[in-house]
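# Structural description and commentary
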Amino acid sequence: MRIVVDLTRCQGYAQCVFLAPQVFELHGEEALRYDPAVPDGQLDRVRQAAAACPVQAILVGEQVNTGAR
Ligand code: SF4
C-alpha cells in the first residue's frame, strides 16, 4: 500500500510519528520523512496516523493519485 504526505500541509504535529514510528520520522521541527511504500504489517497504524493527523496531510492507498505508480 502506498501513501503520500502533503508536506505543504504538514505542520509537524508528529501524531503520525507516535502512531507509526516505523513509517514516519520527524527530523528537526517540521521536516517529516516517511516511507511511501508501507509494509503490510504497518497499514493499520498508518490508517490511524492518517485519521489522527490534525491537517489531514496523509493520503493512504485509494486516495493516492492513481496516475502515479
Ligand atoms: S500528523 Fe500530520 S501534520 Fe503531524 S507530522 Fe504527521 S503528517 Fe505532519
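From a predicted model like this one, the values you see are computed outputs, not experimental measurements. (Residues numbered from 1 in each chain as written. Predicted model: local features only at pLDDT ≥ 70, side-chain atom pairs only at ≥ 80, totals over all residues. Heavy atoms only, no water.)

Looking only at helices and strands, one finds 2 helices and 4 strands in the chain. The C-alpha atoms of the chain give a radius of gyration of 11 Å, which matches the 11 Å a tight globule of 69 residues would have. Principal-axis analysis of the C-alpha atoms places the extent of the chain at approximately 30 × 25 × 20 Å. Out of the 69 residues belonging to the chain, those deemed buried represent 33%. (Helix = DSSP H or I, 4+ residues; strand = E, 2+ residues; numbered from the N terminus. Rg over C-alpha atoms; globule rule 2.2 N^0.38 Å. Buried < 20%, exposed > 50% of the residue type's maximum accessible area, 1.4 Å probe, protein only.)

With respect to spatial proximity, the complete set of residues near the ligand consists of V5, C10, Q11, G12, Y13, A14, Q15, C16, L32, C53, V55 and I58. With respect to the detected pockets, the ligand is housed in the largest cavity. Split by residue class, the shell around the ligand holds 9 nonpolar, 3 polar and no charged. (Near = heavy atom within 4 Å. 1 Å grid on protein atoms, 1.4 Å probe; cavity = no way out; pocket = protein on both sides within 12 Å on 5 of 7 lines; lining within 4 Å. Sits in = over half its atoms within 2 Å of the grid points. Nonpolar A, V, L, I, M, F, W, Y, C, P; charged D, E, K, R; others polar.)

In the structure shown here, the tally under the stated rule is 1 salt bridge. Between R9 and D6 there is a salt bridge, with its nearest N and O atoms 3.8 Å apart. R9 sits in the partly exposed class, given a relative accessible area of 42%. Residue class for D6 comes out partly exposed when judged on its relative accessible area of 28%. (Salt bridge = Lys/Arg side-chain N within 4 Å of Asp/Glu carboxyl O.)

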